[in-house]
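Structural description and commentary
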Amino acid sequence: MNFRDTIRNVPEIVECLKNGLQALERQHRSKIQYNSSRELKGSVYIDKCLEKRYPNENRWDYVFGYKDRIYYVEVHSAENTRKVGEVTAKLEWLKRWLTRSAKSLEDLEDQSTYHWISTRKTASSVKRGKYRQILAQKGIRGPDSVLHADAVT
């Protein structure tokens, strides 16, 4: 099943599906780099789409399809180590939501990657040592200033 068909099977977010990266806020689109716009399969602003349904939750920001992969992206500051806990909590929420409400997306886990894109300068303490290890163990790539979609393996 392709990305668009998969999203169409998720009632909570189907109405939020946009072409290309149009679901991303303008300032966040520039943080995603790719070689072929034709290969963009669509995007959803998960946080905004679900804010009324889950108003008190730490929601993940975005999901988009590119080529044969699914990219979950959290755009969040990384200026101190406390932010690691905030981003990992958002990922935990996302995974619970996928299990509960978006089984068709969850079934594509082997095609999915999770990325933290920093909004400002990233603290060196977040980039190394135990914090980098915590992020890696959770499956979060980053924090990086830009996501190079074609470089993701």
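Small disclaimer: the values here were computed from a predicted structure and weren't measured.

Observations concerning the side chain of Ser 77
Examined against the element boundaries, Ser 77 turns out to sit in the loop between β4 (69–76) and α4 (82–101). Here the side chain of Ser 77 touches Glu 79 through a polar contact of 3.0 Å, side chain to side chain. Apart from residues no more than four positions distant in its own chain, Ser 77 is found in contact with Lys 83, Trp 116, Thr 119 and Arg 120.

Focus on the pattern of salt bridges
All chains considered together, the criterion is met by 13 salt bridges. The salt bridge involving Glu 74 is made with Lys 90; its shortest N-O contact spans 3.2 Å. Linking Glu 74 in strand β4 with Lys 90 in helix α4, this pair joins segments that are 16 residues apart in sequence. With respect to class, Glu 74 is no different from Lys 90; both count as buried. The salt bridge involving Glu 79 is made with Lys 83; its shortest N-O contact spans 3.8 Å.

What to know about the sheet that holds strand β3 (residues 62–66)
The five strands lie next to each other as β2-β3-β4-β5-β6, forming an open sheet whose pairing is mixed. Taken across any chain shown, the strands that pair with only one partner, and hence form the sheet edges, are β2 (40–45) and β6 (140–144). Taking the axes of each pair of neighbouring strands and ignoring which way they run, one obtains an average angle of 20 degrees across the sheet. In terms of strand pairing, β3 meets β4 through five bridges, oriented antiparallel. Counted as the bridge partner of Gly 65 is Ile 70 from β4. Its contacts with the sheet place α4 against β4, β5 (112–118) and β6, and it is angled at close to 140 degrees to β4.

What counts, and at which threshold
Residue numbering note: each chain is counted from 1, following its sequence as written. Only residues with pLDDT of at least 70 are given local features in this predicted model, and only at 80 or more are side-chain atom pairs given and counted; all residues enter the totals for whole chains, interfaces and linings. In computing side-chain values, all of the structure's heavy atoms are included and hydrogens and water are not. Helix and strand definitions here come from DSSP, where helices need a minimum of 4 consecutive H or I residues and strands a minimum of 2 consecutive E residues; each element is numbered from the N-terminal end. Each polar contact in these results corresponds to two N or O atoms within 3.5 Å; when the atoms are within protein, one needs to be able to donate a hydrogen and the other to accept it, and residues that are neighboring in sequence are counted only if both atoms are side-chain atoms. By definition, residues are in contact when any of their heavy atoms lie within 4.5 Å. We define a salt bridge as a contact between a side-chain nitrogen of Lys or Arg and a carboxyl oxygen of Asp or Glu at a distance within 4 Å. Buried, partly exposed and exposed residues are distinguished by accessible area as a fraction of the type maximum, computed with a 1.4 Å probe on protein chains only: under 20%, between the cut-offs, and over 50%, respectively. Criterion used throughout: strands pair if DSSP finds at least two bridges between them. Axis definition: a line fitted to C-alpha atoms, limited for helices to the stretch in contact. Angles are taken between N-to-C directions and run from 0 to 180 degrees.

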